[in-house]
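The chain contents come next:
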Amino acid sequence: ALPGGINYCWDAGQCRLRYAWMGGFVDIGYHKHDGPAKLLGEVFWRADDAFHFPLAKASSTGLHFAGYRLVDGVPEFEYRMQGAMVRERVDSAEDHSLRVRYIVTPDAAEGGRSVWTKWSIPEGWELTEGQDYLKQGGAVQLSLKPGASITFTMSHPLHP
């Protein structure tokens, strides 16, 4: 649960944001009786199976959840993926949008090999930090040098 009534589900098994909703958090009473927890709000964004971080594939192959830490009271998730460490922080922005900040650090042990990827921004999202990675056609192109971190942030309004 984030300030302003924004809530989200981040999946540690697949290392990704799954959905976000507005309003109440969850009713765990239903879960105690062998049912799923019930959301107490309205889902405004749900990832499809293809939505994932730029370096990942739709499956969880090669992903390894490494834990999380609190940054200003908000979880920052860490996971390893295809030769890089990723830190992902989900919070709410001052304009009441959902915001996801990525910090990607390729492994220094990759022997000087750069990692390059191209990724389309999911529908309803916009790149709000790291626009220098935005290329023609709205795709994000990253060239990652071993050991050098890059940062970018995407935002999604509550009601597109």
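Please refer to the structure placed before this passage.
Note that this is a predicted model, so its numbers are computed, not measured.

(A) Local environment of the overall build of the protein chain. Counting secondary structure elements, the protein chain contains zero helices and eleven strands. Reading the protein chain from its N terminus to its C terminus gives the helix and strand order β-β-β-β-β-β-β-β-β-β-β. Per-residue burial over the protein chain gives 41% buried out of 160 residues. Carbon together with sulfur atoms contributes 50% to the accessible area of the protein chain, which is approximately 8600 Å² in total.

(B) Expanded view of the pattern of salt bridges. The final tally for this structure, using the stated rule, is seven salt bridges. Connected via shared salt-bridge partners are Arg 69, Glu 76, Glu 78 and Arg 87.

(C) Structural detail: the nonpolar core. Tyr 8, Trp 10, Leu 17, Tyr 79 and Leu 98 are the most contacted members of the largest nonpolar core, which has 28 residues in total. The greatest single-element share of this core, amounting to four residues, is contributed by strand 7 (residues 97–106). With sequence-adjacent residues up to four places away left out, Leu 98 is seen in contact with Leu 2, Ile 6, Leu 17, Ala 20, Phe 44, Val 90, Asp 91, Trp 125, Met 154, Ser 155 and His 156.

(D) Structural context of the sheet that holds strand 2 (residues 16–27). Taking strand neighbours across the sheet as the criterion, the three strands line up as 1-2-3 in an open arrangement whose pairing is antiparallel. Two strands close off the open sheet at either side, each with one partner strand: strand 1 (6–11) and strand 3 (38–46). Within this sheet the neighbouring strands show an average axis-to-axis angle of 40°, counted without direction.

(E) The arrangement of unusual backbone geometry in detail. Look at Cys 15: it is not a glycine, yet its phi comes out positive at around 50°. Summarising the element assignment, Cys 15 is placed in the loop between strand 1 and strand 2. Given a relative accessible area of 1%, Cys 15 falls into the buried group. Although it is not a glycine, Asp 72 sits at a positive phi angle of roughly 55°.

(F) Region of the structure containing the side chain of Asp 11. Assignment of secondary structure puts Asp 11 in strand 1. Setting aside anything within four residues of it in sequence, one finds Asp 11 in contact with Arg 16 and Arg 18.

(G) Inspection of the side chain of His 156 at higher detail. Within the element layout of this structure, His 156 appears in strand 11 (residues 150–157). Leave out the neighbours within four places in its chain, and His 156 touches Phe 44, Trp 45, Ser 97, Leu 98, Glu 123, Gly 124 and Trp 125.

(H) Highlighting the packing of aromatic side chains. Using the criterion set out here, one finds seven aromatic pairs in the structure. Measuring from ring centre to ring centre gives 6.4 Å for Tyr 68 and Phe 77, while their planes differ by 50°; the resulting arrangement is tilted. Accessibility expressed as a relative area gives 54% for Tyr 68, which makes it exposed. Through a chain of ring-to-ring contacts, three or more aromatic side chains come together here, namely Trp 10, Phe 65, Tyr 68, Phe 77 and Tyr 79. Stacked on the ring of Tyr 19, the Lys or Arg Arg 46 has its end atom at 5.1 Å from the ring centre.

(I) Quick look at the sheet that holds strand 5 (residues 74–81). On the basis of which strands lie adjacent, the open sheet formed by six strands has the order 4-5-6-7-11-9 and antiparallel pairing. On the outer flanks of this sheet lie strand 4 (63–71) and strand 9 (126–129), each paired with one strand and no other. Neighbour to neighbour, the strand axes of the sheet diverge by 25° on average, direction disregarded. One ladder, built from three bridges, connects strand 9 with strand 11; its direction is antiparallel. The partner of Glu 129 across the bridge, within strand 11, is Thr 153.

Reading guide: rules and limits
Residues numbered from 1 in each chain as written. Predicted model: local features only at pLDDT ≥ 70, side-chain atom pairs only at ≥ 80, totals over all residues. Heavy atoms only, no water. Helix = DSSP H or I, 4+ residues; strand = E, 2+ residues; numbered from the N terminus. Buried < 20%, exposed > 50% of the residue type's maximum accessible area, 1.4 Å probe, protein only. Areas by Shrake-Rupley, 256 points an atom, 1.4 Å probe, with all protein chains shown as cover. Salt bridge = Lys/Arg side-chain N within 4 Å of Asp/Glu carboxyl O. Core = buried A, V, L, I, M, F, W, Y, C linked by side-chain atoms within 4.5 Å. Contact = heavy atoms within 4.5 Å. Pairing = 2+ DSSP bridges. Axes fitted to C-alpha atoms, helices over the stretch in contact; angles between N-to-C directions. Phe/Tyr/Trp six-rings, centres within 6.5 Å; stacked < 30°, edge-to-face > 60°. Lys NZ or Arg CZ within 6 Å of the ring centre and 35° of its normal.

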